[in-house]
Each structure stands twice: as structure tokens, then as C-alpha cells.
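Coordinate analysis (summary)
So the chains spell out like this:
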Amino acid sequence: MSILITNIKQLLQVHDNNVLVVKGKDMKSLPIIENAYLYIEHDTIIEYGEMKHCEGIEAETTVDATGKIVLPSWCDSHTHMVYAGNRTLEFVDRINGLSYAEIANRGGGILNSAKVLQETSEDDLYEQSIQRMEALIRMGTCAFEIKTGYGLTVDAELKMLRVIKRIKQESLAKITPTLLAAHAIPEAFRAKKEDYIKQITEELIPKASKLNVAHYIDVFCEEGYFDIADTEAVLKAGAKHQMRPKLHVNQFNILGGVALGAKYNALSVDHLEELNDADVKALKGSDTIPVALPGCSYFLSIPYTPARQLIDAGLPLAIATDYNPGSAPSGNMNFIVGAACVKLKMTPEEAINAATVNGAYAMGISNMYGSITRGKKANLIITKPLHHYNEIPYAFAHDPVDQVIINGQLKNIKNPEENFRI
Ligand SMILES: N=CN[C@@H](CCC(=O)O)C(=O)O
Ligand SMILES: [Zn+2]
């Protein structure tokens, strides 16, 4: 199967030499080819260049992209999209004045989602989740990290892992599973957190490892959830099973999770709505990428991650949705790219780098995803006609996506019958 895209107004994120991550000042640069073509065979980017060099290329399918922009599809490196039900009642409670912490203390929040998930069948959970994901593919995301963490029992966490495994096997999207082993303390363990940590380290992690689905491990390192000692215990147990950390840190309070993540060679440290100089120092010289989640800041009305401080310190930054029923019930990366510009004061180039190649890095897949490079996977967005790529973040809440190519397959996203499964 071969596809030739012609007359592309702007082909974005073009790197002849493969790029794994973009840091600091380099994030301001977004290599583009104006009036370009792109040629794909099977699932792979084979060739690209200026239209004047396109002669002689024949393909089974030709797409005329006159007036349109082509870019690598979004790479969303932080989601909790496998969940059951919703938390719309808590949304209204928050509008009426309750805080996220107050709702959690009343047994709402993560505990509420866990109760519903425990009562939901595996097939139902799979269907709810894959339908959420397919809606997002239509919005231009073709690579997703998916976390467990709404199980809160060994059985329910393993159920989540099996659902993620099935999505990974059956979807055309690229899936990176993460075991969010310590997300909240179940009611039954309130007075004996040590026993819950023991259950996680001695039972959940070994059993999860046997399923061979998740190679990343996550902890919600936060006041009222898991402190530094708990987090370290979970990371040590994960390391015994070759699970690399991807951590929730600094969402409401700074506990030292960033330095701990860097010490354990975390792939990413995510949230960082709160940040201090020691955190920035800990990240410098590490291979750990910070990840900002502006949808969560928007929805909870909490501070936005100080992206400028991170980028201006020479660090890389990724942006992701945090798609979940409690703090970010939207998985739309187009909105996240816009919010990164408006609220995090990132330039469009920085935001697009953060949502493509750096998002791929934060999932450990940037060798094959996140840029237009010969030999990389053909996961692409073809936009509607736009004047310039700046229009993607500028026209906030618009949907710029016209067509997607996922794993080398051209999809008509407007057709409700379109299929994104293998
Ligand atoms: N902060 C921890 N976990 C999720 C929210 C979970 C929830 O409220 O359901 C997050 O990343 O924001
Ligand atoms: Zn999260």
C-alpha cells in the first residue's frame, strides 16, 4: 500500500536526521518544508521534499493537500482513559465551591472512580475506553500512554492492565501502558497505609509484571496520597521488574518527587504545577523529561506549569492531556497545544515540539514516532485548509484536523463508520 500527499502547504517537524528529544532554545525551531510532498509505503515514511522534486513518484492513493498542513500526529504521553462512568456530579460540586481535596476526603475523586470500575465488567470497560480513544484519533492523536490506577485492588488493577493490553493489540494507535500502582489509599487501608504499600510492592507489582503489559511504573506523590518514602518503596519494587518510573509529582505540593524521579532515572515527571529551583536543578543533566498538563490546570483552576522556567533552563518539555474523569475530562490535544501557547506562554513551535517529538520521548517511542523522518512510522495529521500552522493553537477550541493517517492507513474521520482497529 502506498500514499502520496501532494501540494502540502507546510510540512512540519521535518528532520532528515532522526531526532529523539528537543530541549531548551531548540524547542523554538520547527523545521518545515513549504509546498511539499510526502510519500508513504505501508506504515512507513519513505520520502518527502519540495513539490518540484515530486516528479515520477507513483502511488496507489494520491491525496491533494492544497492549502493544508501536514504534521506528525499528536503524541499524548499522559492519560488515564481507561475508566468507567464519569464524575459529572463532582464537577457540579466543585462549581458550587468544594475543592478537589474536599471531594476526595468525602470518598469522591479517585475512590469514586475505583468503586465504579471495580463493578464494571472487563468487556464494558474495554468498550467504553476504546470508544474514548477512537474519538481522540479523529482529533489527531495516534500515540497514547494509558495508565492503570483506578483499580485500587490487585484484581481490579490487573483487569485494567488486561483491558489496556487488548486496546494495544486491537487498535491501530501506538499504546504505551503504565502501571499506576499507587494512585490513592483505599478506605480499608486508611489507618494502615504500610499494609497497602506492602500489597503493592509484594503482590500487585509481581503479578502485573507477569502479565508483561506495563514497563513503566507511576505513583501519585502528593500530600494525602503517597509521600516520598512510599514512592521510593514502590519505585524500588518496580525496578526489580524492570519498570521505569513515570511519576505524578508537584500537582499541589512539592514533596521532593522530582529529585526522586531523576534519581531513579524516571522517563518523565508529570504535572509540576508547583515547581522550585531545586526541581529544575534535579532535572538538569538527567534523562527525565518534565511533562505539563494544562488541561488539568484549566479544569481544576490550579496554577499552570511554569513552562518558561523549564525551557529557559535548557530543559525539554512535553505537553499531554492527563485525560481522566476527575481532573481533566478532555483528551483533545489540539486544545492542549492552544493552552500551552496561551497559558504556558510557549510559542507555537515550542508547543508543537512538546506535543509531537517530546511527547513521543515521554513514552519512550521517539525513535519511531513524533517527526517527519524517513523510516519513521506514518502517523500524520492532514489539517483543514489553514493560513499557517500558528492557526492550530490560535483558533482555540476549533478542530483543525481534516484527515489522519494512522499506521500508514488513510482515515476518513468524518465517517462515523470509520474503523481504527487492526
Ligand atoms: N493526580 C492524580 N491523578 C489524576 C487525577 C485522578 C482523578 O481525579 O481521577 C491526575 O493526574 O490529575
Ligand atoms: Zn494523571
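This is a predicted model, so every value here is computed, not measured.

One can find glycine 67 in the loop between strand S4 (61–64) and strand S5 (69–72). It is 35 Å that separates the C-alpha atoms of glycine 67 and serine 129, two residues lying 62 residues apart in sequence. Contact partners of glycine 67, with chain neighbours within four places excluded, come to Lys9 and Pro385.

Okay, the UniProt feature "binding site: 4-imidazolone-5-propanoate" (unreviewed entry) in the protein next. In the numbering adopted here, UniProt assigns the feature "binding site: 4-imidazolone-5-propanoate" (unreviewed entry) to Arg87, Tyr150, His183, Gln251 and Ser327. Structurally, tyrosine 150 can be placed in the loop between strand S7 (141–147) and helix H5 (154–170). Setting aside anything within four residues of it in sequence, one finds tyrosine 150 in contact with His80, Tyr83, Ile110, Ser113, Ala114, Leu117 and Met160. Beyond its immediate stretch of four places on either side in the chain, serine 327 contacts Tyr100, Cys296, Phe299, Leu300 and Asp322.

This part takes up the domain arrangement of the protein. Taken as a whole, the protein is organised into domain 1 (2–72 + 369–411) and domain 2 (75–361). Relative to domain 2, the C-alpha centre of domain 1 lies at a distance of 29 Å. At the interface, 32 residues of domain 1 touch 33 residues of domain 2. If you list the elements that add at least two residues to the side of domain 1 that touches domain 2, you get S5, helix H15 (391–394) and strand S15 (401–406).

A few words on unusual backbone geometry. Backbone geometry places asparagine 265, a non-glycine residue, at a positive phi of 55°. Within the secondary structure, asparagine 265 sits in the loop between helix H8 (257–263) and strand S11 (268–271). At asparagine 407, a residue that is not glycine, the phi angle is positive and equals roughly 50°. Following the sequence through the fold, asparagine 407 ends up in the loop between S15 and strand S16 (409–411).

Looking now at the sheet that holds strand S13 (residues 318–319). For sheets, the rule is that strands pair by backbone hydrogen bonds, running either parallel or antiparallel. Pairing in this open sheet of eight strands is parallel, and the strands run S6-S7-S8-S9-S10-S11-S12-S13 from one edge to the other. A single partner strand is all that each edge strand has here, and the edge strands are strand S6 (74–76) and S13. In the sheet, S11 pairs with strand S12 (residues 289–292) via three bridges, with the strands oriented parallel. By the bridge assignment for S12, serine 268 is matched with isoleucine 289. Lying over the sheet, H5 contacts S7 and strand S8 (174–182), oriented at roughly 170° with respect to S8. Along the sheet face, helix H7 (residues 228–240) touches S8, strand S9 (216–221) and strand S10 (244–249) and points at about 175° away from the line of S9.

Judged from the eight bridges that link them, strand S1 (residues 2–12) and strand S2 (residues 32–41) form a sheet pairing that is antiparallel. By the bridge assignment for S2, isoleucine 8 is matched with alanine 36. Sheet topology note: the S1/S5 ladder contains two bridges and is parallel. Bridge assignment links leucine 11 to a residue of S5, and that residue is valine 70.

Mapped onto the elements, methionine 133 comes out in helix H4 (residues 122–137). Looking at methionine 133, the number of C-beta atoms within 10 Å reads 22, which means it is buried. As a C-alpha pair, methionine 133 and glutamate 187 span 54 residues in sequence and 30 Å in three-dimensional space.

This brings us to the site of ligand 1. In the region of ligand 1, 13 residues are neighbours, and Ile110, Phe220, Asn324, Gly326 and Ser327 sit closest. Of the residues in the shell around ligand 1, the class split is four nonpolar, eight polar and one charged.

Buried residues dominate S8, accounting for nine of its nine residues. The pairing of S7 with S8 spans five bridges and is parallel. Counterpart to glutamate 145 in the pairing with S8 is threonine 176. As for the winding sense of the linkage, the β-α-β connection from S8 through helix H6 (residues 193–211) to S9 is right-handed.

A separate point is the UniProt feature "domain: Amidohydrolase-related" (unreviewed entry) in the protein. Here the UniProt-annotated "domain: Amidohydrolase-related" (unreviewed entry) positions come out as residues 304–410. As a span, residues 304–410 carries 31% helix and 13% strand, and end to end its C-alpha atoms are 36 Å apart.

Procedures and definitions
- Residues numbered from 1 in each chain as written.
- Chains lettered and ligands numbered in written order.
- Predicted model: local features only at pLDDT ≥ 70, side-chain atom pairs only at ≥ 80, totals over all residues.
- Helix = DSSP H or I, 4+ residues; strand = E, 2+ residues; numbered from the N terminus.
- Contact = placed C-beta atoms within 7 Å.
- UniProt positions renumbered as here; feature names shortened; annotations may be inferred.
- Domains from an automatic or database assignment.
- Pairing = 2+ DSSP bridges.
- Axes fitted to C-alpha atoms, helices over the stretch in contact; angles between N-to-C directions.
- Buried ≥ 20, exposed ≤ 12 C-beta atoms within 10 Å, placed from the backbone.
- Near = placed C-beta within 6 Å.
- Nonpolar A, V, L, I, M, F, W, Y, C, P; charged D, E, K, R; others polar.
- Right-handed = clockwise from strand over helix to strand, strands pointing away.

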